[in-house]
Amino acid sequence: MKKLIILAILVILSIKTYGQIKTIHVFVALCDNKNQGIVPVPAKIGNGKDTRNNLYWGAGYGVKSFLKLKTKDWKLVKELDTSNSNILDRVLFKHATEEVYLLADAYDGEQIKTCIEDFLKASNAQDPQKIQFNTKELGFGGDSDLLAYVGHDGLMEFDVSISYKPVQTKQKDIIVLACYSRNFFSPEIKKANANPILWTTHLMAPEAYTLKSAIDGWIKNETGKQIDERAAQTYNKYQKCGIRGARNLFTTGFKN
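Per-chain numbering applies: the sequence of each chain, read as written, is numbered from 1 onward. In view of the model being predicted, local features appear only for residues whose pLDDT reaches at least 70, and side-chain atom pairs are presented and counted only at 80 or more, with totals across whole chains, interfaces and linings using the full set of residues. Only hydrogens and water are set aside; all other atoms, that is, all heavy atoms of the structure, feed into the side-chain values.

Participant: What should I look at first to understand the packing of helix α5 (residues 208-219) against helix α6 (residues 224-239) in this one?
Facilitator: The axes of two packed helices give the description: the angle between them and the distance between them. Throughout, an axis means a line fitted to C-alpha atoms (over the contacting stretch in the case of helices), and angles, computed between N-to-C directions, take values from 0 to 180 degrees. Helix and strand labels come from DSSP, where a helix needs a run of H or I of at least four residues and a strand needs a run of E of at least two; each type is numbered from the N terminus. Contact geometry for α5 and α6: axes closest at 8 Å, N-to-C directions at 150 degrees. The angle between α5 and α6 falls in the class roughly antiparallel. Here α5 runs over α6; the crossing is right-handed. Only Ile227, Arg230, Ala231, Thr234, Tyr235, Tyr238 and Gln239 of α6 make contact with α5, whose side of the interface consists of Tyr209, Thr210, Ser213, Ala214, Asp216, Gly217 and Trp218. Angle categories: roughly parallel below 35 degrees, roughly antiparallel above 145, roughly perpendicular from 65 to 115, and oblique for all the rest. The handedness criterion is simple: a crossing whose near helix is rotated anticlockwise from the far helix by less than a right angle is left-handed, and one whose near helix is rotated clockwise is right-handed. Note on contacts: a residue pair is in contact if any heavy atoms of the two residues lie within 4.5 Å.

Participant: I tried to follow the state of the cysteines on my own but got confused; where do I start?
Facilitator: Put plainly, a disulfide is one covalent bond tying together the sulfur atoms of two cysteines. Here, the term disulfide refers to a pair of cysteine sulfur atoms separated by no more than 2.5 Å. The tally for this structure, following the rule as stated, stands at zero disulfides. Sulfur of cysteine 115: no disulfide; nearest cysteine sulfur belongs to cysteine 31 and is 13 Å away. Looking at the unpaired cysteine 241, the closest cysteine sulfur is the one in cysteine 179, lying at 13 Å.

Participant: Hey, could you run me through the packing of aromatic side chains in this one?
Facilitator: For any pair of aromatic rings, the description rests on two quantities: the centre-to-centre distance and the angle between the ring planes. What counts as a ring pair is set by centres within 6.5 Å for rings of Phe, Tyr and Trp (its six-membered ring), and what kind of pair is set by the plane angle: stacked under 30 degrees, edge-to-face over 60, tilted for all other angles. If you walk through the whole model with that rule in mind, you get 15 aromatic pairs. Ring geometry for tyrosine 61 versus tyrosine 209: centroids 5.3 Å apart, planes at 85 degrees, classification edge-to-face. Here tyrosine 61 is found in the loop between β1 (22-29) and α2 (63-69), whereas its partner tyrosine 209 is found in helix α5, with 148 residues between them in sequence. Buried, partly exposed and exposed residues are distinguished by accessible area as a fraction of the type maximum, computed with a 1.4 Å probe on protein chains only: under 20%, between the cut-offs, and over 50%, respectively. Given a relative accessible area of 2%, tyrosine 209 falls into the buried group. The ring of tryptophan 218 has lysine 22 lying over it, and the distance from NZ or CZ to the ring centre is 5.1 Å. Lysine and arginine charges are scored as sitting over a ring when NZ or CZ, respectively, is within 6 Å of the ring centre and within 35 degrees of the ring normal.

Below is the structure:
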């Protein structure tokens, strides 16, 4: 009887641990001087097909480089292959102390529209993706708990056409780090029935320190307002723009 009780406890603990796993999927449209309507950056970091040096990926504050080299909170656990020709690099990170996994995809800068559409579909719980890591099957895409888009606000230049589905599951939390993202992404995010915990009201540099800071707050189950303040403090730290300006830049939820 005692052995059965111990076994039952172990099973319950196992289920509890598995239930605590959270997943984050980050969609990055590589910075691209040639194919995006941006103020040109130096050619080395503005090549939308060069993951190694790209401003939003391989440069010092790019998503892959920053999480891999400049923070102790995330560990790169796997470089992944993908059959999606629009994705030039795919990496899987695990949080150092929590059962949280982060999948980051670097999209060819020329394919920014596809990147944004994939992000929006996933925000609507579409296109779930399963990734095997050790003994765990992790859910990304439409199965993610948090989704983020990082890059140029392509919706300033083109429209998307997505068939959104009624969402029966819990609303997806989303982050959009792009210029004026609340203004341009709001109609689509409303149709996707997603919950914007952080986006922007003005021009900004969508670098990874802001993303990392916002995710820190999300992992701690902070409110949108708390995550908003985290982002502002971090952005001011790196950009030296003044805390008032940083607070005016970031916002949470939909405009009243």
